[in-house]
Amino acid sequence: MIAQILVDGITSGAMIGLGAIGLTLTYGLLRFANFAHGEFATWGAYLALLVAGAIGPADPLGPLTFGWPLLAALAASMVLTALLAAALDGVLFRRLRRHGSAITLVIASFGASLALRSALEFGFGPQPWYYTRDIAMTVRLGPGMRATWDQLAVLGLAIVLMLAMHLLMTRTPLGRAMRAVSENPDLARLAGIDPARIVRVTWLLGGALAASAGVFLGVTVQLRPSMGFELLLPLFAAAILGGIGSVPGAMLGGLIIGIAEAASVPLAGAQYRAAVAFVVMLAMLLVRPSGLFGGRGG
Amino acid sequence: MTALAVRDLVAGYDPALPIVRGVSFDLAGGAILALLGPNGAGKSTLAKAVAGLVTVVSGSIHLRGTPLGDVPAHARLRRGLGFVPQTDNVFAGLTVAENLAIAAAILPRAGRAGRIAAMLTLFPDLAAARRGAAGRLSGGQRQMLAMARALIAAPAVLVLDEPSAGLSPKLVGVVMARLRDIAATGVAVLLVEQNVRAALAIADHALILVEGRVAHAGGGATLRDDPAVAALYLGGRHAA
Ligand SMILES: Nc1ncnc2c1ncn2[C@@H]1O[C@H](COP(=O)(O)OP(=O)(O)O)[C@@H](O)[C@H]1O
Ligand SMILES: [Mg+2]
């Protein structure tokens, strides 16, 4: 049973980690908690549903429930959601950053979250959607340890995306500039970096990764208009746990939250699952407010 | 040609309450201008206005004959202005090599490695610490890294805000000697300092700023030989 908890926890933790990367980066850069971040995951999931529907049916890939159209839809949805996130910043948050206070921004993001969610509910209805009606085939990984092939595929893709993001942050001039602006925006300007460009790139990346988390959640669970909003608390918990601004922190934080949530079900009952992220987040804030990776820039 | 020309500069954090209140000076390539004055006189604010980090209310700043008025801070390094702030002047979470690479990124690709190598030769301490986090450096090494970062793109003007702050007397001497070398290569150096004696030892000219205005201007040597002037504006402590 512990092995099963690990499998389920790691899979959902990887999705939380992907979503939390964008949240932690925008928080680190702009010092602003974006409550609309979860909606990027929801929009990503539904945009992929639309794109996959437009491509039409195709044979599933091996033992998976989905075929290549969903992979193409994942890529398209990541691009579209990236643009959505950058547009939301350009139209709304950027203006408020110039003239408003921190609390105005948070309230505005709450409003944006509501509007984005309502638009999907209006378009798709409150009922759940699925990428496919096929039954997911399971595989036995070891004694008392089963996973669906879909789960494994999603986990693999999530690891690839996280690795790519990690390499981008640590090995490329763009990632270096992102870390520099996050640590010290004024010094970054003196060093020739245009912070506005870095902010744009950060929204694009955060939106794209959140979209992937949404699609993966859609594959392994289902699509609902509130799926991203319900993800928000785990996302914040993961970002705070890992240390605001830290990409590896967000990934590790996501895994810890995912495993803690999975473990809570047999221990305390499914109704307390949602409270776990909150408890872990509070504990972290009390014990080590700067997070596992010590906060900024890392 | 005048490397840096500042005319009737009024600048501050709130347009209604300017901190720098009508300052003018010229700085030629290869010369060192010491900007002295008591705490709170507006020296850092003036330096930040030149760098583009503080709002200019009126007046002008020309870099090699081009007005900087509409040039955002991040574009001024490319125009030839290097700035070393007083505090938080390195990216502590990045390695020494990354700190250098960031500023080198504005250079043409082919020239970057050469300039980084040149900086490591100029500041040999940095070469050994290249792979470590800049936040782990000693105060002196940090100052060297901040100077290297500002110099890497071969600026025409280098502005430093109290580079000697927090350093031992021996290190202050090293920093000042480096500045002398840098100026000797033709760079115009604007040196904001509290350490009057150290600054005057290398400065060609000096301005004393009091309450946002130039209270005294003169040759470095004149001030050096006439401690009474410095004492009058700066208090005897530094000038003695
Ligand atoms: N970020 C800021 N916002 C508002 N006022 C500031 C800021 N920084 C400095 N000041 C004020 O500007 C004045 C001059 O400060 P500064 O330029 O740092 O002087 P100096 O460098 O000569 O000691 C001081 O009265 C200081 O309180
Ligand atoms: Mg100062």
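Residues numbered from 1 in each chain as written. Chains lettered and ligands numbered in written order. Predicted model: local features only at pLDDT ≥ 70, side-chain atom pairs only at ≥ 80, totals over all residues. Heavy atoms only, no water.

The secondary structure content of chain B amounts to 11 helices and 10 strands. Taking 18 Å as the expected radius of gyration for a compact globule of 240 residues, we find that chain B reaches 17 Å, a close match to that expectation. Projected onto its principal axes, the C-alpha positions of chain B cover 45 × 40 × 30 Å. Expressed as a percentage of its 240 residues, the buried residues of chain B come to 50%. In chain B, of all internal contacts separated by at least 6 residues, the share reaching a separation of at least 24 is 67%. Split by element, the accessible area of chain B, about 10,000 Å² in all, is 55% carbon and sulfur. The averaged location of the 15 negative side-chain charges in chain B is 9 Å from the averaged location of its 23 positive side-chain charges. (Helix = DSSP H or I, 4+ residues; strand = E, 2+ residues; numbered from the N terminus. Rg over C-alpha atoms; globule rule 2.2 N^0.38 Å. Buried < 20%, exposed > 50% of the residue type's maximum accessible area, 1.4 Å probe, protein only. Contact = heavy atoms within 4.5 Å. Areas by Shrake-Rupley, 256 points an atom, 1.4 Å probe, with all protein chains shown as cover. Lys, Arg positive; Asp, Glu negative; His and termini not counted. Charge placed at Lys NZ, Arg CZ, Asp CG, Glu CD.)

All names here are of chain A. A cluster of basic residues, Arg 94, Arg 95, Arg 98, Arg 197 and Arg 200, forms a positive patch at the surface. With respect to the helices, strands and loops of the structure, Arg 95 is situated in helix α3 (residues 68–99). Classification of Arg 95 as exposed rests on a relative accessible area of 53%. (Patch = residues over 30% accessible without salt bridge, like charges linked within 9 Å, V, L, I, M, F, W, Y side chains within 5 Å. Salt bridge = Lys/Arg side-chain N within 4 Å of Asp/Glu carboxyl O.)

Consecutive residues of a regular strand have side chains that alternate between opposite faces of the sheet. All names here are of chain B. By the criterion of burial, strand β8 (residues 188–192) is predominantly enclosed, with 5 of the 5 residues buried. Burial along β8 is two-sided: Ala 188, Leu 190 and Val 192 and Val 189 and Leu 191, pointing in opposite directions, are all buried. Pairing geometry for strand β3 (residues 32–36) and β8, over 4 bridges, is parallel. Looking across to β8, one finds that Ala 34 is bridged to Leu 191. Across 5 bridges, strand β7 (residues 157–161) lies against β8 in parallel orientation. Looking at the pairing, Val 157 lines up with Ala 188 of β8. Assessed by its sense of winding, the connection that carries the chain from β7 through helix α7 (residues 169–184) to β8 is right-handed. (Pairing = 2+ DSSP bridges. Right-handed = clockwise from strand over helix to strand, strands pointing away.)

A few words now on the packing of helix α3 (residues 96–104) of chain B against helix α4 (residues 109–122) of chain B. Residues and elements named next belong to chain B. Look at α3 against α4: their axes get within 10 Å of each other, and the N-to-C directions meet at 130 degrees. Compared by their axis directions, α3 and α4 come out oblique. As for the relative orientation of α3 and α4, their crossing is right-handed in sense. Of α4, the residues touching α3 (which contributes Leu 100, Ala 101 and Ala 104) are Arg 112, Ile 116 and Leu 120. Looking at the contact of α3 with α4 residue by residue, the classes come out as 5 nonpolar, no polar and 1 charged. (Axes fitted to C-alpha atoms, helices over the stretch in contact; angles between N-to-C directions. Parallel < 35°, antiparallel > 145°, perpendicular 65-115°, else oblique. Left-handed = near helix turned anticlockwise from the far one by under 90°. Nonpolar A, V, L, I, M, F, W, Y, C, P; charged D, E, K, R; others polar.)

All names here are of chain B. One can read the domain layout of chain B as domain 1 (2–80 + 155–238) and domain 2 (90–154). Look at where the C-alpha atoms of domain 1 and domain 2 centre, and you get two points 23 Å apart. The interface of domain 1 with domain 2 comprises 14 residues on the first partner and 13 residues on the second. Here domain 1 packs against domain 2, burying approximately 1,200 Å² in sum over the two surfaces, 80% of which is carbon and sulfur. (Domains from an automatic or database assignment. Buried area = accessible area lost by both parts, 1.4 Å probe.)

Next up on the list: a nonpolar patch on the surface. Residues Ile55(A), Leu61(A), Trp68(A), Leu71(A) and Leu157(A) make up a contiguous nonpolar surface patch of about 410 Å² in total accessible area. Structurally, Leu71(A) is set in helix α3.

To continue, consider the sheet that holds strand β5 (residues 66–67) of chain B. Residue and element names in this part refer to chain B. Strand order in the open sheet made by the 4 strands is β2-β1-β4-β5, with antiparallel pairing throughout. Bordering the open sheet on either side are β2 (20–28) and β5, each of which pairs with just one other strand. By the bridge criterion, 2 bridges tie strand β4 (residues 55–63) to β5 in an arrangement that is antiparallel. In the sheet register, His 62 faces β5, and the bridge partner there is Pro 67. Each of β1 (2–12), β2 and β4 touches helix α1 (residues 43–51); the most contacted strand, β1, lies at about 115 degrees to it.

What follows deals with the side chain of Thr81(A). All names here are of chain A. Among the secondary structure elements, Thr 81 is positioned in helix α3. On the basis of relative accessible area, Thr 81 is assigned to the buried category, the value being 0%. The contacts of Thr 81, once residues within four sequence positions are left out, are Phe 40, Trp 43, Gly 44, Leu 47, Gly 207 and Ala 211.

Residues and elements named next belong to chain A. Here Gln 222 is to be found in the loop between α8 (195–220) and α9 (227–242). Sequence separation between Gln 222 and Leu 187 is 35 residues, and the spatial gap between their C-alpha atoms is 45 Å. If we skip the residues at most four places from it in the chain, Gln 222 touches Pro 128, Trp 129, Tyr 130, Leu 217 and Met 227. Looking at Gln 222, its side chain comes within polar contact range of the side chain of Tyr 130, at 2.7 Å. (Polar contact = N/O pair within 3.5 Å; in protein donor to acceptor, adjacent residues only side chain to side chain.)

Residues and elements named next belong to chain B. The immediate surroundings of ligand 1 are formed by Tyr 13, Ile 19, Pro 38, Asn 39, Gly 40, Ala 41, Gly 42, Lys 43, Ser 44 and Thr 45. Between ligand 1 and Ala 41 there is a distance of 3.2 Å, counted from an oxygen atom to a backbone nitrogen or oxygen. Protein contact buries 57% of the 560 Å² of open area that ligand 1 shows by itself. By residue class, the composition of the shell around ligand 1 is 4 nonpolar, 5 polar and 1 charged. (Near = heavy atom within 4 Å.)

Moving on, we get to the nonpolar core. In terms of nonpolar packing, the biggest core is built from 125 residues, with Tyr131(A), Trp203(A), Leu4(B), Phe25(B) and Val157(B) touching the most fellow members. At 13 residues, the largest contribution of residues to this core is made by α8(A). The contact partners of Tyr131(A), leaving out residues within four places of it in the chain, are Ala45(A), Ala48(A), Leu49(A), Leu70(A), Val215(A), Gly218(A), Val219(A) and Leu223(A). If you look at the next biggest cluster of nonpolar residues, it comprises 49 residues, including Ile32(B), Ala104(B), Ala146(B) and Leu160(B). (Core = buried A, V, L, I, M, F, W, Y, C linked by side-chain atoms within 4.5 Å.)

Residues and elements named next belong to chain B. If you walk across this open sheet you meet the 6 strands as β6-β7-β8-β3-β9-β10, and the pairing is mixed. The outermost strands of the open sheet, each flanked by one partner alone, are β6 (81–84) and β10 (213–219). In this sheet, adjacent strand axes meet at a mean angle of 15 degrees when their direction is disregarded. Where strand β9 (residues 205–210) meets β10, 6 bridges bridge the pair, whose relative direction is antiparallel. Looking at β10, one finds that Leu 209 is bridged to Val 214. Against the sheet, helix α6 (residues 139–151) makes contact with β6 and β7, and its axis sits at roughly 165 degrees relative to β6, the strand it touches most.

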